[in-house]
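Coordinate analysis (summary)
Residue-level listing of the chains:
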Amino acid sequence: NIIRGHSGGGGYGVYMDLTAASNAIIGNSISSNALYGAILIGQNVDANRVISNTIDGKGVQQIGVYVSDGDMNLITNNRILGHGQHGIMLGATAASNRVMRNVVLSNALNGIALNGTNIKRNRISDNFLDGKGIQGSGILLSTSARENTVSNNIVARNATAGITLDAGAASNSITMNRVYSNLLR
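Report follows, based on the coordinates. (Residues numbered from 1 in each chain as written. Predicted model: local features only at pLDDT ≥ 70, side-chain atom pairs only at ≥ 80, totals over all residues. Heavy atoms only, no water.)

So, about the side chain of N53. With respect to the secondary-structure elements, N53 resides in the loop between β6 (49–51) and β7 (54–56). A polar contact of 2.8 Å, which involves the side chain of N53, links it to the backbone nitrogen of N28. (Helix = DSSP H or I, 4+ residues; strand = E, 2+ residues; numbered from the N terminus. Polar contact = N/O pair within 3.5 Å; in protein donor to acceptor, adjacent residues only side chain to side chain.)

Okay, the sheet that holds strand β16 (residues 123–125) next. Taking strand neighbours across the sheet as the criterion, the seven strands line up as β3-β6-β9-β12-β16-β20-β23 in an open arrangement whose pairing is parallel. Each edge of the open sheet is held by one strand with a lone partner, namely β3 (24–26) and β23 (173–175). Geometrically, the sheet is characterised by an average inter-axis angle of 5 degrees between neighbouring strands, direction not taken into account. Across three bridges, the pairing between β16 and strand β20 (residues 149–151) is parallel. Along β20, the bridge assignment pairs R123 with T149. (Pairing = 2+ DSSP bridges. Axes fitted to C-alpha atoms, helices over the stretch in contact; angles between N-to-C directions.)

It is worth stressing that arrangement in space is one thing and function is another; only the former is reported here.
Written out as structure tokens, the structure is:
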């Protein structure tokens, strides 16, 4: 499927809200939407799968995949590039989500951001993040990130740090990552 160029109705490529649970977004080309490629938002947007999609912001979309408040979602084997903000963002109270085996390239702010009020027990593993000198950090864990695991990622050529933990991020496990050629000034 090709999902492209939505600017009305919120400007989302794929939008799941409220109690949308156990759905699959698989094998799509999602690009040039005004806001987000795929958004999963709401306290009961749980156990969804975002698999094997190409999500290209083409400098227009703000975030490739955004999970807000959802739990136990799987984001895997996607190619996510060229967004005005983050490639992937887990926000608000997102918990127990798995972000794994994605290729995340050239996003303006961060490749993967855990940024919300109580982000916990998420697993970020086996991803390839290449900022190509454009994006801020490859992986950002904000002040409220707790008990998350970041492991076995390749994080390269970001404009600041490969992996950033903001002041207040606590009890996170950062292990077995390859982090190189990042340009922290």
